[in-house]
Structures are given as structure tokens and as C-alpha cells.
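Single-letter residue listing:
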Amino acid sequence: QVQLVESGGGLVQAGGSLRLSCAASGRTFSLYAMGWFRQAPGKEREFVAAISRSGAMTYYADSVKGRFTISRDNAKNTVYLQMNSLKPEDTAVYYCAAKSGYAESSVGGYSYWGQGTQVTVSS
């Protein structure tokens, strides 16, 4: 069981940057692969990025490759999503998620979810 709390969302102009954080509870953070997902109005929740338990492996949706970077600090029980070159189509509620074992891109593969943080990119 893990509890997740996202922070760092906000309003930014196109081309700008934001850094999202996800703080996890407990002492077993390093046992979980972590992911970031987002959901825009009227759309399904979609995969953004994932990171392995050690942080050695990362995975990205094609739409964010080269712009977003996922990282984690297991000593701080925190996962980050650095978002650069933001576009209006990045506007969504961003969710942090955790799963046991290996990282994956499927929404259904993750057992634990945060409440989300709003990211709005203006043009």
C-alpha cells in the first residue's frame, strides 16, 4: 500500500517548463515502478512516462519524447516529471501512479494513484 501526492502543476505559457513532484508514503518506495499519466477534458487517461524501480530505465509516450524527463529519488520517496517545451495539447490533469515490479505503460497495470495536479499551457 502506498499513498501518492502530486504537486507542481500550474499555468504556463507555451514553450515554458514545469517540474511536477510526486511524494510517496512508506518505506518501500524503491519496490515500486512509477508512472505519470494525464487526462485532458473529454479524453481517456493516457500514459506519459514511466521509470523502473532503480531509476535506470525510463519510458515515454511518443508525444512527449525529447521534451519530458522522468526521474526519481528513492532516498526522498519522490518521483519527478520535468516538462520542457510545453504545448497547449499538454494541458491536462497529471497523475502519479505506482505498481509493483516492472514499469509499464498501461493505465490498468498500476495499483496506486494520486489525486492529480492541473497543468494548463496557454498559447
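Everything that follows concerns the structure shown earlier in this document.
Calculation notes
Residues numbered from 1 in each chain as written. Predicted model: local features only at pLDDT ≥ 70, side-chain atom pairs only at ≥ 80, totals over all residues. Heavy atoms only, no water. Phe/Tyr/Trp six-rings, centres within 6.5 Å; stacked < 30°, edge-to-face > 60°. Helix = DSSP H or I, 4+ residues; strand = E, 2+ residues; numbered from the N terminus. Buried < 20%, exposed > 50% of the residue type's maximum accessible area, 1.4 Å probe, protein only. Lys NZ or Arg CZ within 6 Å of the ring centre and 35° of its normal. Disulfide = S-S within 2.5 Å. Salt bridge = Lys/Arg side-chain N within 4 Å of Asp/Glu carboxyl O. Core = buried A, V, L, I, M, F, W, Y, C linked by side-chain atoms within 4.5 Å. Contact = heavy atoms within 4.5 Å. Pairing = 2+ DSSP bridges. Axes fitted to C-alpha atoms, helices over the stretch in contact; angles between N-to-C directions.

(A) Broad picture of the packing of aromatic side chains. All told, the structure shown has five aromatic pairs when counted by the stated rule. Centre to centre, the rings of Y32 and Y112 are 5.9 Å apart; their planes meet at 85°, and the pair counts as edge-to-face. Remark: Y112 occurs in strand 10 (residues 112-113) and Y32 occurs in strand 4 (residues 32-39); sequence separation between them is 80 residues. Seen from their ring centres, F37 and F47 are 5.7 Å apart, and the 70° between their planes marks the pair as edge-to-face. Of this pair, F37 sits in strand 4 while F47 sits in strand 5 (residues 46-51); the two residues are 10 residues apart in sequence, bridging distant segments of the chain. Each member of the pair, F37 as well as F47, carries the same accessibility label: buried. Members of the aromatic cluster, connected to one another through ring pairs, are F37, F47, Y110 and W113. Across the ring face of W113, the terminal group of R45 is positioned such that the distance to the ring centre comes to 5.0 Å.

(B) How the structure looks around the state of the cysteines. Taken as a whole and assessed by the stated rule, the structure comprises one disulfide. One disulfide bridge connects C22 with C96, the sulfur atoms lying 2.1 Å from each other. Taking the torsion about the S-S bond as the criterion, the C22 to C96 disulfide, at about -80°, is left-handed. Pair noted here: C22 is in strand 3 (residues 18-24) and C96 is in strand 9 (residues 92-100), with a separation of 74 residues, a long-range link. Of the residues examined, C22 reaches a relative accessible area of 0% and is grouped as buried.

(C) Examining the pattern of salt bridges more closely. On inspection of all chains with the given rule, the structure shows five salt bridges. R38 is the salt-bridge partner of E46, the closest N and O atoms lying 2.7 Å from each other. Take E46: its relative accessible area is 30%, and that puts it in the partly exposed class. Three or more residues are tied together by salt bridges with common partners; here these are R38, E46, R67 and D90.

(D) Local environment of the nonpolar core. Membership of the largest hydrophobic core comes to 37 residues, with the highest contact counts inside it found for M34, W36, V79, L81, M83 and Y94. Elements with a contribution of two residues or more to this core: strand 3, strand 4, strand 5, strand 7 (68-73), strand 8 (78-83), strand 9 and strand 11 (117-122). Among residues more than four places away in sequence, those in contact with M83 are G16, S17, L18, L20, R67, F68, Y94 and V119.

(E) A look at the sheet that holds strand 7. Spatially, four strands are ordered 1-3-8-7 in an open sheet, and the strand pairing comes out antiparallel. With partners counted over all chains shown, the strands left at the sheet margins are strand 1 (4-7) and strand 7, one partner each. Here the average twist between neighbouring strands, direction ignored, is 15°.

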